[in-house]
Amino acid sequence: MARHIHIEQDRETALREAVDVLSSGHPVAIPTETVYGLAADATNPAAVARIYETKGRPQFNPLICHMASIAMAEDYAIFDSISRKLAEAFWPGPLTLILPLKPGSTIHALATAGLDTVGIRIPKGFASDLIATFGKPLAAPSANSSGKISSTSAAHVEADLGEKVSLILDGGSAPVGVESTIVKVNGDGTVRLLRPGGLVADDIEQVIGLKLIRSEKASAAIEAPGMLASHYAPGASVRLNAVSVEKGEALIRFGGERVAGEENAAIVLNLSATSDLAEAATNLFDHLKTADASGAVSIAIAPIPATGLGEAINDRLARAAAPRP
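Within every chain, residues take consecutive numbers counted from 1 along the sequence as written. This being a predicted model, a pLDDT of at least 70 is required before a residue's local features are given, and a value of 80 or more before pairs of side-chain atoms are given or counted; all residues contribute to the totals for chains, interfaces and linings. Water and hydrogen atoms play no part in the side-chain values, which are based on all heavy atoms of the structure.

(A) Summary view of the pairing of strand E9 (residues 181–185). Working definition: with a 1.4 Å probe on protein chains only, accessible area under 20% of the residue-type maximum means buried, over 50% means exposed, and in between means partly exposed. Under the scheme used here, helices are H or I runs from DSSP no shorter than 4 residues and strands are E runs no shorter than 2 residues, and both carry numbers assigned from the N terminus. Burial within E9 is extensive, with five of its five residues counted as buried. Where burial is concerned, the two faces of E9 agree: the one with Thr 181, Val 183 and Val 185 and the one with Ile 182 and Lys 184 are both buried. A pair of strands is considered paired only if DSSP assigns at least 2 bridges between the two. In the sheet, strand E5 (residues 95–100) pairs with E9 via four bridges, with the strands oriented parallel. Note on E9: the bridge partner recorded for Thr 96 is Ile 182. One ladder, built from four bridges, connects E9 with strand E10 (residues 191–195); its direction is antiparallel. In the strand pairing of E10, Val 185 is matched with Val 191. Between E9 and the antiparallel strand that follows it, E10, lie five residues; Gly 189 among them carries a positive phi value of about 90°.

Here it is as structure tokens:
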């Protein structure tokens, strides 16, 4: 069972123990003003993979990265003038901004789903203090099993994930009770509402003096949590469930078994030699990019189990192999 610490009773212990768990690369359930989050070091690929593992049956959607201040956010992302106005008006608070990643940002690709943008939020209260103490951004989706109702209390988290997390910080009931509102400023200066949430659209529109654009149908592009994923398309074609390799193909393996003809491959990469799906998820984006950069015209992907994180890996690979416009 998870250890519980009541923040109001022992704030310093809560901070110290949470930092210890986060530093070890494991997630901590934390209260925010929106819902409870399952937080882990956004710069540590193993830690981010454990978020997906703990939630169960995940999809490769980008995770919101939580910061302690606008100054911290500027270390990882680039602000346009409208986004900065929104940040100054509503942070800390239930607003997530989709921003371009800053060159050299150390947020791992597993947290951003391989995109060149990142969702950033500054939470209120204890969560912000924890991030400032830890010194790095925390990727933190809602602290519940995938497909279940979001947790708004420590008791909810315990009932759902108590056997899977080592530490739950109890900050009482989440005052907002719904996830953050997500917006993105387009290059032409228009602003899109990607997900309604705890900050009402009218308040956003009043600050920016613009009407938010709402999509009439679901977008094919993955830009934020809750949106449909698009295929991840390298320049090379992708061939799934490969049991042999053609000459000049790049090969991405999984596990210790050799693939027939792999001596003919342009490059051989292994998502996990020990068949660890969490390690495979961590390596997926980097290996696809490395295979693509090899100059191979096709990337052969060996079969990967569809259980646990394998479901997410196979989902992402299926989109990589999908027909292109």
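(B) Region of interest: the pairing of strand E8 (residues 167–170). Neither face of E8 is open: one carries Leu 167 and Leu 169, the other Ile 168 and Asp 170, and all of them are buried. Relative to E8, strand E1 (residues 3–6) runs parallel, the two being bridged by four bridges. Its bridge partner lying in E8, Ile 5 is registered against Leu 169.

(C) Focus on unusual backbone geometry. Between Trp 91 and Pro 92 the backbone carries a cis peptide bond, its omega angle lying at -5°. Within the element layout of this structure, Pro 92 appears in the loop between helix H4 (81–90) and E5. Phi at Ala 113 is positive, roughly 60°, even though this residue is not glycine. With respect to the helices and strands, Ala 113 occurs in the loop between helix H5 (109–112) and strand E6 (117–121). With a relative accessible area of 0%, Ala 113 lands in the buried category. In this model, Asn 241 sits at a positive phi of 55°, which is unusual for a non-glycine residue.

(D) Region of interest: helix H2 (residues 45–55). Among the residues of H2, those classed as buried are Ala 47, Val 48, Ala 49, Ile 51, Tyr 52, Thr 54 and Lys 55. N or O atoms within 3.5 Å of each other form a polar contact, as long as, within protein, one can give a hydrogen and the other can take it, and as long as residues adjacent in sequence are counted only when both atoms are side-chain atoms. For H2, the N-terminal capping position is held by Asn 44, with its side-chain oxygen 3.0 Å away from the main-chain nitrogen of Ala 46. Among the residues trailing H2, Gly 56 stands out with phi positive, at a value near 80°.

(E) The arrangement of the packing of aromatic side chains in detail. Only the six-membered ring of Trp is used, alongside the rings of Phe and Tyr, when aromatic pairs are assigned; centres must lie within 6.5 Å, and planes under 30 degrees apart are stacked while those over 60 apart are edge-to-face, with the rest tilted. Following the criterion strictly, the structure yields one aromatic pair and no others. Seen in terms of ring centroids, Phe 79 and Trp 91 are 6.1 Å apart; in terms of plane orientation they differ by 85°. Their pairing is edge-to-face. In this pair, Phe 79 sits in the loop between helix H3 (70–74) and H4 while Trp 91 sits in the loop between H4 and E5, placing the two residues twelve residues apart along the sequence. On the basis of relative accessibility, which here comes to 14%, the residue Phe 79 falls in the buried class. Over the aromatic face of Phe 79 sits the side chain of Arg 84, whose NZ or CZ is 5.2 Å from the ring centroid. By the criterion adopted, a ring carries a charge over it if an Arg CZ or a Lys NZ lies within 6 Å of its centre and within 35 degrees of its normal.

(F) Representation of the environment of Arg 316 in the model. Within the fold, Arg 316 resides in helix H10 (residues 309–320). We classify Arg 316 as buried; its relative accessible area is 3%. Distance from Arg 316 to Leu 284, taken between C-alpha atoms, is 9.2 Å for residues 32 residues apart in sequence.

(G) Molecular detail of the packing of H4 against helix H8 (residues 201–208). Running from amino to carboxyl end, H4 crosses H8 at an angle of 120°, the nearest separation of the two axes being 10 Å. Regarding the angle of H4 to H8, the classification is oblique. Handedness of the H4/H8 crossing: right-handed. On H8, the residues that touch Ile 82, Lys 85, Leu 86, Ala 89 and Phe 90 of H4 are Asp 203, Ile 204, Val 207 and Ile 208. Taken together, the residues of the contact of H4 with H8 sort by class into seven nonpolar, no polar and two charged. Note on geometry: axes are lines fitted to C-alpha atoms, helical ones only across the stretch in contact, with angles between N-to-C directions running from 0 to 180 degrees. Working rule for angles: under 35 degrees goes down as roughly parallel, over 145 as roughly antiparallel, 65 to 115 as roughly perpendicular, anything else as oblique. Crossings are classed by handedness, with left-handed meaning an anticlockwise turn of the near helix from the far one by less than a right angle and right-handed meaning a clockwise turn. Throughout, a residue-residue contact means that at least one pair of heavy atoms, one from each residue, lies within 4.5 Å. We call Asp, Glu, Lys and Arg charged. Ala, Val, Leu, Ile, Met, Phe, Trp, Tyr, Cys and Pro are nonpolar, and the rest, Gly among them, are polar.

(H) Region of the structure containing the pattern of salt bridges. One speaks of a salt bridge when a side-chain nitrogen belonging to Lys or Arg is within 4 Å of a carboxyl oxygen belonging to Asp or Glu. Inspection of the entire model under this criterion finds eleven salt bridges. For Glu 33, the salt bridge goes to Arg 121, with nearest N and O atoms at 2.7 Å. A residue pair is termed long-range when its members are at least 10 positions apart, and Glu 33 in the loop between strand E2 (28–30) and strand E3 (37–41) and Arg 121 in strand E6 qualify at 88 residues. Each of the two residues, Glu 33 as well as Arg 121, counts as buried. Residue Glu 262 pairs with Arg 253 through a salt bridge whose shortest N-O separation is 3.3 Å. For the pair formed by Glu 262 and Arg 253, the shared burial category is buried.

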